[in-house]
Amino acid sequence: MTLKTEIMGYQDFSGEAISKQDKEFAKEFENFVNGRMCFAEITGRELSRAHRYLQQQMFKVFIGFMRQLAHNYQKGYYDDRNEWASRVAAEAYGTLVDKELVYDPDYKEKEIV
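Residues numbered from 1 in each chain as written. Predicted model: local features only at pLDDT ≥ 70, side-chain atom pairs only at ≥ 80, totals over all residues. Heavy atoms only, no water.

Trainee: Please give an account of the overall build of the chain that cites residues and values.
Mentor: On a plain count of helices and strands, the chain comes out with 5 helices and 0 strands. Helices and strands appear in the chain in the N-to-C order α-α-α-α-α. Within the chain, the fraction of its 113 residues that count as buried is 19%. Restricting the contact set of the chain to residue pairs at least 6 apart, pairs at least 24 apart contribute 48%. (Helix = DSSP H or I, 4+ residues; strand = E, 2+ residues; numbered from the N terminus. Buried < 20%, exposed > 50% of the residue type's maximum accessible area, 1.4 Å probe, protein only. Contact = heavy atoms within 4.5 Å.)

Trainee: Tell me what's going on with unusual backbone geometry, and back it up with residues and numbers.
Mentor: Positive phi, close to 60°, is recorded for Glu100, a residue that is not glycine. Considering the arrangement of structural elements, one finds Glu100 in the segment after α5 (83-98).

Trainee: Kindly report on helix α4 (residues 52-75), identifying the contributing residues and their values.
Mentor: For α4, with 24 residues, the first-to-last C-alpha span of 35 Å sits near the 34 Å given by 1.5 Å per residue. Buried within α4 are the following residues: Ile63, Met66, Leu69, Ala70, His71, Asn72, Tyr73 and Gln74. (Expected span 1.5 Å × (residues − 1).)

Trainee: A description of the pattern of salt bridges should follow, citing residues and the corresponding values.
Mentor: Enumeration according to the criterion identifies 7 salt bridges in this entry. Between Lys27 and Glu30 there is a salt bridge, with its nearest N and O atoms 3.3 Å apart. Of this pair, Lys27 and Glu30 both sit in helix α2 (residues 20-36), separated by 3 residues, roughly a single helical turn. You can call Lys27 partly exposed: its relative accessible area is 44%. Relative accessible area serves as the criterion here: at 45%, Glu30 is assigned to the partly exposed category. A salt bridge links Arg49 to Glu46; the shortest N-O distance between them is 2.9 Å. Arg49 sits in the exposed class, given a relative accessible area of 63%. (Salt bridge = Lys/Arg side-chain N within 4 Å of Asp/Glu carboxyl O.)

Trainee: Give me the nonpolar core: which residues, what numbers.
Mentor: By size, the foremost hydrophobic cluster in this structure holds 12 residues: Ile63, Met66, Leu69, Ala70, Tyr73, Tyr78, Ala89, Ala90, Tyr93, Val97, Val102 and Tyr107. Every element with two or more residues in this core is listed here: α4 and α5. Considering each element in turn, this core owes the most residues, 5 residues, to α4. Excluding its chain neighbours within four sequence positions, the residues that come into contact with Ala89 are Met66, Leu69, Ala70 and Gly94. (Core = buried A, V, L, I, M, F, W, Y, C linked by side-chain atoms within 4.5 Å.)

Trainee: Any details on the packing of aromatic side chains? Residues and values, ideally.
Mentor: Counted under the stated rule, the structure contains 5 aromatic pairs. Considering the side-chain rings of Phe59 and Phe62, the 5.4 Å spacing of their centres and the 40° angle between planes classify their relative orientation as tilted. Residue Phe59 and its partner Phe62 are located together in helix α4, separated by 3 residues, close to a single helical turn. (Phe/Tyr/Trp six-rings, centres within 6.5 Å; stacked < 30°, edge-to-face > 60°.)

As structure tokens, this is what we get:
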């Protein structure tokens, strides 16, 4: 697989539909992390001050992000810039699946590169 193919595959989510609002938020968050965020740990701590229901919803977004990084790691869709995040996501997500805290029949830990 060429790097170009890997990058294309990395962005291909099998035609999944995404709402305009979700896409706008993802782009805004990307922009925040890429230049406006000062400290990831402090930002994460501040997010934990949100209403308890919102914490639950934010955590679901976090799990979705971790899941995608874990699946990308399995398929080799990562490079030196995000290898650590992808590998850690795969390890953590695999543990959640193994302990049946997350249901994901498509995730098979043995496929990790």
